[in-house]
Amino acid sequence: MNKRLLGVIDATTVHEDLEDLSLHRSVAAIPFGGRYRLIDFILSNLVNSGIESVAIFPKYQYRSLMDHLGSGRNWDLNRKRDGLFFFPASNTGNHYTGIGTLDHFADNIDYFERSTQDYAIIANSYTVFNMDFQPLLDWHIQSGCDITEVQKNGKSLGIYLVEKALLMDLIKTRNETGYFNMRDAARDTSSQFQLCYYDYKGYAVMVDSIVNYFNVSMDLLKPEVWKELFPKDRPILTKVKDEPPTRYEVDASVKNSMVANGGVIEGTVENSIIGRGVKIGKGTVVRNCIIMQKTQIKENCLLESVIVDKDARIEAGTVITAPADAPAVIRKGTVQGVGSKS
Amino acid sequence: MLLAGGRGSRLHSLTKSLAKPAVPFGGKYRIIDFPLSNCTNSGIHTVGVLTQYQPLLLNSYIGIGSAWDLDRKDGGVTVLPPYAESSEVKWYSGTASAIFQNLNYLDQYNPEYVLILSGDHIYKMNYELMLQHHEEKGADVTISVIEVPWDETNRFGIMNTDSELRITEFEEKPDNAKNNLASMGIYIFNWSVLREYLIRDDLNPESSHDFGKDIIPLLLEKKMKLFAYPFKGYWKDVGTIQSLWEANMDLLDKDCDLNLFDQSWRIYSVNPNQPPQYICPEGTVSESLVNEGCKIEGAVSRTVVFQGVTVKKGAVVKETVIMPEAVIGLNCVIEKAIVSPGVYVPDGTIIRPDADSNEITLVSEETIGELQSN
């Protein structure tokens, strides 16, 4: 149990480069790795670090995010004391910007006042990693830091650690200091605070564009990355579905791919990530693709370097190929190929 | 009332430390998921689960019933183990005595009808339809029956009925059956009738306190209205290694009546929350069911693979059931087997039936030990 830490997830970010995948959902809720949503990584990391109070600050299109998180039961956050808190932006006219927007926190200052924890982690919702925050907290305290920014190879990972009392000061004095968000506070070299930078050695990538999303997904097929992201003792938790095991038919040929439950595979799949409940028809070849949940690909199709969002249908005989460095995106719920009205 | 105390001794070491209803099935489930999911899907939200033999795993698996949506303010799932009274500890000596000792539980709900189920069978059934049949017939007791092959009637309790399906005679494992309608061990009782006959049965020192052997014959003798409810569909008692293996293989048949993919009748289970399965560049999988958390580097065909299983390079696995967290070592050859949960099969192990035999091998820690000492 980590009684000293609060978890704060900023889920307000919008990436224009991810628009095709985030038209109907916040970036935090973008499906990833066959059965996860991006937010599962930070949320599971917080929970696996023993944190029992997690606040989520969303802004746009948070229906799918709320549906995903529910009461927090899948992360063991459905608690009487502490647990999961949800603080949507109270006024969509507010121009919150950056990770850890102090205005947004100010609207919900009660949460910080009522909580008993001494420190807060403020993190973005779209980093793919598996990190224990306890060593970070120990380091922060030993080094006498006021504000710590977590970095990877000298670049910010959009994760900050700060004493809660100082966070509340930053919130209250934001108009005087001119700090809009945590990054402003962590990067002001003229500040009176002891600013620290913690270098994280493990695998960590912020997902902020389609190409980047595609590449990080493909990284999952590297055994060393898979092992690091999904160790048995620090599982990435997600909303569970009651899908049966995936069924491979006689003609199925699957190589170097990750496949989630509930699928039926009759065709050929190579170097791909297949989501829950996906159907891949006979004679179809799916190569270097990301197919999200419940999408159906009928017979004799060829898909190469394509990201197919949820609930799409690819009619028989359809060919969609794209260069590996510029993958195509088929939007959620659309129908492609013969007889389609796209 | 779900009878889940069975030992399942013919499943050998599989049930050494867990009750038969907790035995893994179908790549993801435990046997008890089927009756529990049937209850939820039939709109039954108050379920008592009677446990006795090796209850630890079963109790923690059922928990508060949230996996089956049975965590309810009113009713929900209640695990009912045997308990001590001021005078003595009362073990459940038979199916009827198990229910009798929980009359308190039933009294507190005072229901109109009581459904009695066993936790030993794989099937999907809408108990609501059975209850409708019960009401239409104005029955005191309805027993669900299924047609079994004539040459197997001597393995079952056979119900002889009139043209209205009223049960006239019950024969336990008859040599020359007059009928092939076998009891599925699923009963609907009018609560008042059940209560009365359980109390009578308890007072009879000659009774073995079993529904099939004692209660049903007594009801027939007293000319109570017993009706058969014919069930059509997949139903299998998975009481032996052979039948457990067969039932798993049935799932690989595309036309199998037991459709796990039917969204309108989901079979719920406690989800292990493991990452998606990873099929390596060297791996091949065909005609198989594979669950989360598996890593397949070898060749797998006509096999049911549970969560967290690893099949290493060069291994060839055919017509096999690999239970959770087992590891198949490098270059193993496994055919027609059930690999027990968590077993590590060492590199190069070869397990397959002799050419003239079709016997299914149960691969357990002991089997591996014997192989190694040879």
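These figures come from a predicted structure and were not determined experimentally. (Residues numbered from 1 in each chain as written. Chains lettered and ligands numbered in written order. Predicted model: local features only at pLDDT ≥ 70, side-chain atom pairs only at ≥ 80, totals over all residues. Heavy atoms only, no water.)

Some details on the layout of surface pockets
Here the second largest pocket defines a volume of roughly 820 Å³. Lining the second largest pocket are 32 residues, with A:Arg73, A:Asn74, A:Val240, B:Ser66 and B:Ala67 sitting closest to its centre. (1 Å grid on protein atoms, 1.4 Å probe; cavity = no way out; pocket = protein on both sides within 12 Å on 5 of 7 lines; lining within 4 Å. Points joined across faces, edges and corners; volume = space filled by probe spheres on them.)

A closer look at the interface of chain A and chain B
If you look at the interface, chain A gives 39 residues, while chain B gives 39 residues. Approximately 3200 Å² of surface area, both sides summed, lies buried where chain A meets chain B, with 48% of it carried by carbon and sulfur atoms. In terms of surface lost to chain B, no three residues of chain A exceed A:Asp242, A:Arg247 and A:Tyr248, which account for 21% of the buried area on that side. Counting the contacts that link chain A with chain B gives five salt bridges. Residue B:Glu292 is joined to A:Arg35 by a salt bridge in which the shortest nitrogen-to-oxygen separation is 3.3 Å. (Contact = heavy atoms within 4.5 Å. Buried area = accessible area lost by both parts, 1.4 Å probe. Salt bridge = Lys/Arg side-chain N within 4 Å of Asp/Glu carboxyl O.)

Some details on helix 8 (residues 241–250) of chain B
Count 3.6 residues to each turn of an α-helix, and residues three or four apart come out pointing the same way. All names here are of chain B. Most of helix 8 is tucked away: seven of the ten residues are buried. Burial in helix 8 covers these residues: Ile241, Ser243, Leu244, Trp245, Ala247, Asn248 and Met249. On its buried face, helix 8 sits against strand 2 (24–25), strand 15 (235–237), strand 20 (299–305), strand 22 (316–322), strand 24 (333–339) and strand 27 (361–363). (Buried < 20%, exposed > 50% of the residue type's maximum accessible area, 1.4 Å probe, protein only. Helix = DSSP H or I, 4+ residues; strand = E, 2+ residues; numbered from the N terminus.)

A short note on the pairing of strand 13 (residues 181–190) of chain B
Residues in a regular strand point their side chains to alternate faces of the sheet. All names here are of chain B. With ten of ten residues buried, strand 13 is to be regarded as a mostly interior element. In this structure, strand 8 (residues 113–118) lies alongside strand 13, joined through four bridges in antiparallel fashion. Directly across from Val114, in strand 13, lies its bridge partner Phe189. Pairing geometry for strand 10 (residues 141–147) and strand 13, over six bridges, is antiparallel. Within strand 13, the residue paired with Ile143 across the bridge is Tyr187. (Pairing = 2+ DSSP bridges.)

What about the nonpolar core?
Residues and elements named next belong to chain A. Residues Phe112, Phe133, Leu167 and Tyr213 are the most contacted members of the largest nonpolar core, which totals 94 residues. Ranked by residues supplied to this core, first place goes to helix 2 (residues 39–48) with six residues. Built from parts of two domains, this core gets at least three residues from each of domain 1 (5–230) and domain 2 (247–336). When near neighbours in sequence (up to four residues on either side) are disregarded, Leu167 contacts Leu102, Phe105, Phe112, Ala120, Ile122, Val162 and Met182. (Core = buried A, V, L, I, M, F, W, Y, C linked by side-chain atoms within 4.5 Å. Domains from an automatic or database assignment.)

Notes on the pattern of salt bridges
Residues and elements named next belong to chain B. Enumeration over the complete set of coordinates arrives at 33 salt bridges over all chains. Residues Glu287 and Arg302 are paired through a salt bridge, measuring 3.0 Å at the closest nitrogen-oxygen approach. Of this pair, Glu287 sits in the loop between strand 17 (284–286) and strand 18 (288–290) while Arg302 is found in strand 20, placing the two residues 15 residues apart along the sequence. The class for Glu287 is partly exposed, based on a relative accessible area of 22%. Here Arg302 falls in the partly exposed class, since its relative accessible area comes to 25%. A salt bridge links Lys336 to Glu319; its shortest N-O distance comes to 2.8 Å. Of this pair, Lys336 sits in strand 24 while Glu319 is found in strand 22, placing the two residues 17 residues apart along the sequence.

Digging into the sheet that holds strand 13 (residues 253–255) of chain A
Residue and element names in this part refer to chain A. Read across the sheet, five strands follow the order 13-16-19-22-25 without closing on themselves; strand pairing throughout is parallel. Looking along the sheet, the strands with just one partner apiece sit at the ends: strand 13 and strand 25 (319–321). In this sheet, neighbouring strand axes are inclined to one another by 5° on average, regardless of whether the strands run parallel or antiparallel. Alignment of strand 13 against strand 16 (residues 268–270), held across three bridges, turns out to be parallel. (Axes fitted to C-alpha atoms, helices over the stretch in contact; angles between N-to-C directions.)

Focus: helix 10 (residues 210–219) of chain A
Counted residue by residue, helix 10 of chain A has eight buried out of ten residues, so it is predominantly covered. What helix 10 of chain A keeps buried is the set A:Ile210, A:Asn212, A:Tyr213, A:Phe214, A:Val216, A:Ser217, A:Met218 and A:Asp219.

Remarks on empty space enclosed by the protein
Residues and elements named next belong to chain A. On inspection of all chains with the given rule, the structure shows one cavity of 30 Å³ or more. In this structure, the largest cavity spans a volume of roughly 40 Å³. Every residue lining the largest cavity is listed: Asp20, Leu21, Leu23, His24, Arg25, Asp309, Arg331 and Lys332. When residues of the lining of the largest cavity are sorted by domain, at least three fall in each of domain 1 (5–230) and domain 2 (247–336).

Observations regarding the state of the cysteines
Residue and element names in this part refer to chain B. Enumeration according to the criterion identifies one disulfide over all chains in this entry. In this structure Cys332 is not part of a disulfide, and its nearest cysteine sulfur, from Cys280, lies 16 Å away. Residue Cys332 is classed as buried on the basis of its relative accessible area of 0%. (Disulfide = S-S within 2.5 Å.)

Focus on the packing of aromatic side chains
Counted according to the given criterion, the structure contains 29 aromatic pairs over all chains. Clustering of aromatic rings is evident, with ring pairs tying together A:Phe32, A:Tyr36, A:Phe41, A:Tyr213, A:Trp226, A:Phe230 and B:Tyr278. Directly above the ring of B:Tyr197 sits B:Arg200, whose terminal nitrogen or CZ lies 4.8 Å from the centroid. (Phe/Tyr/Trp six-rings, centres within 6.5 Å; stacked < 30°, edge-to-face > 60°. Lys NZ or Arg CZ within 6 Å of the ring centre and 35° of its normal.)

Quick look at a negative patch on the surface
Taken together, the side chains of A:Glu16, A:Asp17, A:Glu19 and A:Asp208 define an acidic patch exposed on the protein surface. One can find A:Asp17 in the loop between strand 1 (5–11) and helix 1 (19–22). (Patch = residues over 30% accessible without salt bridge, like charges linked within 9 Å, V, L, I, M, F, W, Y side chains within 5 Å. Areas by Shrake-Rupley, 256 points an atom, 1.4 Å probe, with all protein chains shown as cover. Lys, Arg positive; Asp, Glu negative; His and termini not counted. Charge placed at Lys NZ, Arg CZ, Asp CG, Glu CD.)

Thoughts on the environment of A:Ala185
All names here are of chain A. Mapped onto the elements, Ala185 comes out in helix 9 (residues 182–187). Of the residues examined, Ala185 reaches a relative accessible area of 0% and is grouped as buried. Distance from Ala185 to Arg174, taken between C-alpha atoms, is 9.7 Å for residues eleven residues apart in sequence. Among residues more than four places away in sequence, those in contact with Ala185 are Ile147, Leu170, Tyr179 and Leu195.

Structural notes on the sheet that holds strand 25 (residues 344–345) of chain B
The mixed open sheet is built from ten strands, whose spatial order is 26(A)-23(A)-20(A)-17(A)-14(A)-16(B)-19(B)-21(B)-23(B)-25(B). Strands at the two margins of the open sheet, each flanked by one partner only, are strand 26 (328–330) of chain A together with strand 25 of chain B. Pairing between strand 14 (residues 257–259) of chain A and strand 17 (residues 273–274) of chain A: two bridges, direction parallel. Following the sheet pairing, A:Val259 is matched in strand 17 of chain A by A:Ile274.

Comments concerning the side chain of B:Gln307
Along the chain, B:Gln307 turns up in the loop between strand 20 and strand 21 (310–311). If sequence neighbours within four positions are ignored, B:Gln307 has contacts with B:Gly27, B:Lys28, B:Pro272, B:Gln274, B:Asn291, B:Glu292, B:Cys294, B:Pro324 and B:Glu325.

Let's talk about the domain arrangement of chain A
All names here are of chain A. Annotation of chain A at the domain level lists domain 1 (5–230) and domain 2 (247–336). Listed as interface residues are 21 residues of domain 1 and, on the opposing side, 24 residues of domain 2. Around 1900 Å² of area is buried between domain 1 and domain 2 when both sides are counted, 66% of it from carbon and sulfur atoms. Taken together, the links from domain 1 to domain 2 amount to two salt bridges. Between the two partners, domain 1 and domain 2, sit three residue pairs in polar contact (both at pLDDT 80 or more). Those elements giving two or more residues to the side of domain 1 that touches domain 2 turn out to be helix 1 and helix 10. Its residues placed into classes, the side of domain 1 that touches domain 2 shows twelve nonpolar, four polar and five charged. (Polar contact = N/O pair within 3.5 Å; in protein donor to acceptor, adjacent residues only side chain to side chain. Nonpolar A, V, L, I, M, F, W, Y, C, P; charged D, E, K, R; others polar.)

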